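Given next are the chains, with one letter for each unit.
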Amino acid sequence: MTEGLPAGGRDALDEEPLGDQEQHTTQSKASARSEHPDGLGALIARASVLDRAEELHRGNGASQVDVFIIGVTGGIGGLLAQKLRSRGDAVHGLVRRDDQQAELARRGVNAQVGDLAGMSVEQLATAFGDVDVIVFSAGSNGGSREVTTAVDGDGVVKAIKAARLAGVERFVLVSVLPESWRERDLGDEVEYYFAVKKGADVALSRSDLNWLILRPSLLLDGPGTGTVSLGPAEFHGEITRDDVAATLAELLHEPRIGRQILELNTGSTPIEEAVLANVRT
């Protein structure tokens, strides 16, 4: 697997890991209970989350959403589009070429051709239309400073302004864990990438949008486990793009989560439960 960054982008439209590691083994529920003396309390808490999940699906939380993905041709963005379409959601996106637009149309995704770096705020706002939420999963993958600035920095700021202009309140940004591979000598370009990603997080968190920042661990290809560890602070490990996309899809269907920074790692909690556990009551 090609070395890259934990969150950035293949061809400026994807998330790419720094390198392969042996995937962490997910703890079984039995072993997790045996390691914690308050196992009964954990079981009660888990049952409470399950009750909330059932209540949510009896209500309106599972309604369809209309999503625009910046980075829809990337690893995470493409998987997210598939998962949303399978739930009956409407998916839109931005692509660079006509052939990408045609291919996505065959998959039920309404893509528009345009270059994020070259589009004006007004043009991007027109592309957004009246969707419910914007997901920004594009990134430079720690390439040249020019591309990093255009996509990970200015691109996010432009998308925030366009969202305001289009009247779209919900905005989800796929970012990077701040401590990702800090033990390595990453080089000036990658250090610059981390600084720009941080700046984008700050810009979004200071906006008046209903924002959500998701920071996944080292990204891996392959099938997901369906279980994660999700919260305001998580250890840096590794996680499949499939599980990141599945978590994003669940978060998009949970309107009670907003103006929060969540970190995501491999874990033993089913994704739906992990998302519900982060709802602020």
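Note that the structure is predicted; figures quoted are calculated from it, not measured. (Residues numbered from 1 in each chain as written. Predicted model: local features only at pLDDT ≥ 70, side-chain atom pairs only at ≥ 80, totals over all residues. Heavy atoms only, no water.)

### Regarding the sheet that holds strand β2 (residues 90-95)
So the rule is basically this: Pairing between two strands is assigned when DSSP locates at least 2 bridges connecting them. A run of DSSP states H or I qualifies as a helix once it reaches four residues; a run of E qualifies as a strand once it reaches two. Both are numbered from the N-terminal end. Throughout, a residue-residue contact means that at least one pair of heavy atoms, one from each residue, lies within 4.5 Å. The angle between two axes is taken between their N-to-C directions and runs from 0 to 180 degrees, where each axis is a line fitted to C-alpha atoms and a helix contributes only its stretch in contact.
The sheet built from 9 strands is open, its strands ordered β3-β2-β1-β4-β5-β6-β10-β8-β11 with mixed pairing. Whereas interior strands pair on both sides, the edge strands pair on one side only; in this sheet they are β3 (109-113) and β11 (269-270). In the sheet, strand β6 (residues 210-216) pairs with strand β10 (residues 260-266) via 5 bridges, with the strands oriented parallel. Within β10, the position partnered with R215 by the bridge is E263. Docked against the sheet, helix α3 (residues 75-86) engages β1 (66-70), β2, β3, β4 (133-136) and β5 (170-174), running at close to 165 degrees with respect to β1.

### Observations concerning helix α8 (residues 241-252)
Residues that lie three or four places apart on an α-helix share one face, since the helix turns once every 3.6 residues. For clarity, the threshold we go by: Multiplying 1.5 Å by the helix residue count minus one yields the expected span of that helix. Exposure is judged per residue with a 1.4 Å probe applied to protein chains only, and the accessible area is read against the type maximum: over 50% gives exposed, under 20% gives buried, and values in between give partly exposed.
Between its terminal C-alpha atoms α8 stretches 16 Å, which fits the 16 Å expected from 12 residues at 1.5 Å a residue. Counting buried positions over the 12 residues of α8 gives 11, a clear majority of the element. When α8 is considered as a whole, its buried residues turn out to be R241, D243, V244, A245, A246, T247, L248, A249, E250, L251 and L252.

### A few points about the nonpolar core
Considering soluble globular proteins, one finds that nonpolar side chains tend to be buried as a cluster. What counts, and what does not: In these notes, a set of buried Ala, Val, Leu, Ile, Met, Phe, Trp, Tyr and Cys residues joined through side-chain atoms within 4.5 Å is what counts as a nonpolar core.
Within the largest apolar cluster, 38 residues are counted, with the highest numbers of intra-cluster contacts made by I69 and L80. Not counting residues within four places of it along the chain, the set of residues in contact with L80 comprises I69, V135, A245, L248, A249 and L252.

### Remarks on the confidence of the model for the protein
To keep it simple, the criterion reads: Values of pLDDT, the confidence the predictor places in each residue, fall between 0 and 100.
When pLDDT is averaged along the protein, the result is 82; 74% of the residues meet or exceed 70. Within the model, pLDDT remains below 50 along residues 42-47, and this stretch shows 3 contacts once partners closer than five positions in the same chain are excluded. Low pLDDT, under 50, characterises residues 56-61; the predicted model gives this stretch 8 contacts beyond four residues in sequence or across chains.

### Description of the pattern of salt bridges
In plain terms, the rule: Every case where a carboxyl oxygen of Asp or Glu lies within 4 Å of a side-chain nitrogen of Lys or Arg is listed as a salt bridge.
Inspection of every chain in the model, using the stated rule, returns 11 salt bridges. Note that K83 and D242 form a salt bridge whose closest N and O atoms lie 2.9 Å from each other. Here K83 is found in helix α3, whereas its partner D242 is found in helix α8, with 159 residues between them in sequence. When the shortest N-O distance is used, the salt bridge between D99 and R97 registers 3.0 Å.

### Brief notes about unusual backbone geometry
Unusually for a residue other than glycine, R259 sits at a positive phi of about 55 degrees. Along the polypeptide, R259 turns up in the loop between α8 and β10. Here R259 falls in the partly exposed class, since its relative accessible area comes to 38%.

### Digging into the side chain of T240
Put simply, the rule reads: The definition of a polar contact used here is a pair of N or O atoms within 3.5 Å, where within protein one atom must be able to donate a hydrogen and the other to accept one, and adjacent residues in sequence count solely through side-chain atom pairs.
Position of T240 among the secondary structure elements: in strand β9 (residues 238-240). Reaching out from T240, the side chain makes a polar contact with the backbone nitrogen of D243 at a distance of 3.1 Å.

### A few points about the packing of α3 against α8
Put simply, the rule is: For classification purposes, an angle smaller than 35 degrees is called roughly parallel, one larger than 145 roughly antiparallel, one from 65 to 115 roughly perpendicular, and anything else oblique. Here a crossing is taken to be left-handed if its near helix is turned anticlockwise relative to the far helix by less than a right angle, and right-handed if that turn runs clockwise. Residues are grouped as follows: nonpolar covers Ala, Val, Leu, Ile, Met, Phe, Trp, Tyr, Cys and Pro; charged covers Asp, Glu, Lys and Arg; every other residue, Gly included, is treated as polar.
Packing of α3 against α8 brings their axes to within 8 Å, and their N-to-C directions diverge by 50 degrees. It follows from the interaxial angle that α3 and α8 lie oblique. Note on packing geometry: the crossing formed by α3 with α8 is right-handed. The residues of α8 that touch α3, namely those facing G75, I76, L79, L80, K83 and L84, are R241, D242, V244, A245, A246, L248, A249 and L252. For the contact of α3 with α8, the per-class residue count stands at 10 nonpolar, 1 polar and 3 charged.

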